[in-house]
Amino acid sequence: MPRLSYLLSLTPRETWRILRHRLPGLRGGPAWTVNELMSSPKHARGIRFAELLARQEAIAAQHMSWQPLDFEGRRVVEIGCGPLAGFGPLAIFRGASNFESAEPEWDPALLRDPAVVDTYLRVFHADLVALYGPRIDFATFRDALDARLSIHRCGFEAAAIEGAVDIVLSQSVLEHVFPLDDTVAKLAEIQAPQTRFLHLVDFGNHYPTASPYDGLYEKPPEAYIEQRGKAINLLRAPDIVETFAAHGIAATLIPTRKLPGQASEQIGDWWRERYDDDALFTQLALVVGPGDSVA
Ligand SMILES: C[S@@+](CC[C@H](N)C(=O)[O-])C[C@H]1O[C@@H](n2cnc3c(N)ncnc32)[C@H](O)[C@@H]1O
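Source: prediction; values computed, not measured.

Peer 1: For the site of the ligand, give the residues involved together with the corresponding values.
Peer 2: With respect to spatial proximity, 19 residues lie near the ligand, and among them Arg48, Gly80, Glu103, Phe156 and Gln171 are the closest. In this structure, an oxygen atom belonging to the ligand sits 2.6 Å away from a side-chain N or O atom of arginine 48. Between a nitrogen atom of the ligand and a main-chain N or O atom of glutamine 171, the distance comes to 2.9 Å. Calculation on the ligand without its partners gives an accessible area of 600 Å², and the protein chains cover 83% of this total. Of all the secondary structure elements, the ones that give two or more residues to the shell around the ligand are helix 4 (48-63) and strand 1 (75-79).

Written as structure tokens, this is what we have:
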């Protein structure tokens, strides 16, 4: 269960969503409602996925010979796409042959709800047209989503996604999976050496604190998870790259935000003995491949 101080920092609607999701007796209802999604500044803006992709590809290009992803005719997989299909609409608009995802909170009724179609998909489509050109009209876009999106309501590790895929994406998911090893084992099953992948990982505490590391390094991970719940796995960037390597996937780590800790923060021995400052103070990073990424 999140800390009371965290819950009190949220809007009443978001607090209610979390409580509804976590409290015994209230569990079992929908993870999201249309109202919650459409009133969330984050979830209500589909074009944020294009902005995220543009930012991530620009950073990758600073570090390696990264060519922009080409979705045309490609089979695309996203881990944990979230309630409104994440990068799916963008990938389909840009010509992906298929978009598959596994999302434990997936509810197909949400993306078909008239309010979501009118206030989310229509605007998302208009923004995609402005950004990438008038590739397809709205009716064709909706038909393509129906025909080419396939989202499994389960953890990625258990999803019926098979065969070699061309592109794999995830946005703030790898820090939430337990255990990461199962997720990466599944990735190894569906990736070929030429599969291009881009995972954004957020190593912060996921609380709205002044420092993203507030409270993160005081205790060993098991004690932290015991106190705050199984929300983040507390693996650091080197652990992720090592797990990929252990499954035969060569991944490049690109920090996208390094932020020093603050003097007031305590860093326990458990953390100091295992990680250098680079690992401790990388808040956001991309895990990308293959090494010399071409279209
Ligand atoms: C921080 S949210 C990010 C959602 C989405 N990618 C976005 O950026 O809006 C983390 C997501 O990971 C999903 N998730 C958690 N464990 C997962 C697993 N084992 N496989 C796939 N998705 C998972 C959660 O349900 C949640 O939607």
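Peer 1: How would you explain empty space enclosed by the protein if you had to name every residue and give the values?
Peer 2: Over the atoms, a rolling probe the size of a water molecule traces out where space has been left empty. For the coordinates displayed, the defined rule picks out 1 cavity of 30 Å³ or more. The space that makes up the largest cavity amounts to roughly 30 Å³. Its residues placed into classes, the lining of the largest cavity shows 4 nonpolar, 3 polar and 3 charged.

Peer 1: I'd like to hear about the pairing of strand 4 (residues 165-171), residue by residue, with values.
Peer 2: For strand 4, the tally of buried residues reaches 6 of 7 residues, placing the bulk of the element in the interior. The pairing of strand 1 with strand 4 spans 4 bridges and is parallel. The residue of strand 4 that forms the bridge with valine 77 is valine 168. In the sheet, strand 4 pairs with strand 5 (residues 191-202) via 6 bridges, with the strands oriented parallel. Along strand 5, the bridge assignment pairs serine 170 with histidine 199. Each parallel crossover has a hand, and the one from strand 4 via helix 9 (residues 180-190) to strand 5 is right-handed.

Peer 1: If you had to explain the side chain of serine 170 to someone new, which residues and values would you point to?
Peer 2: On the secondary structure map, serine 170 appears in strand 4. A residue is classified by how much of its surface remains accessible, and serine 170, at 1% relative accessible area, is buried. Ignoring any residue separated from it by four or fewer positions in sequence, one finds serine 170 in contact with Glu78, Ile79, Leu198, His199 and Leu200.

About the criteria used
- Residues numbered from 1 in each chain as written.
- Predicted model: local features only at pLDDT ≥ 70, side-chain atom pairs only at ≥ 80, totals over all residues.
- Heavy atoms only, no water.
- Near = heavy atom within 4 Å.
- Polar contact = N/O pair within 3.5 Å; in protein donor to acceptor, adjacent residues only side chain to side chain.
- Areas by Shrake-Rupley, 256 points an atom, 1.4 Å probe, with all protein chains shown as cover.
- Helix = DSSP H or I, 4+ residues; strand = E, 2+ residues; numbered from the N terminus.
- 1 Å grid on protein atoms, 1.4 Å probe; cavity = no way out; pocket = protein on both sides within 12 Å on 5 of 7 lines; lining within 4 Å.
- Points joined across faces, edges and corners; volume = space filled by probe spheres on them.
- Nonpolar A, V, L, I, M, F, W, Y, C, P; charged D, E, K, R; others polar.
- Buried < 20%, exposed > 50% of the residue type's maximum accessible area, 1.4 Å probe, protein only.
- Pairing = 2+ DSSP bridges.
- Right-handed = clockwise from strand over helix to strand, strands pointing away.
- Contact = heavy atoms within 4.5 Å.

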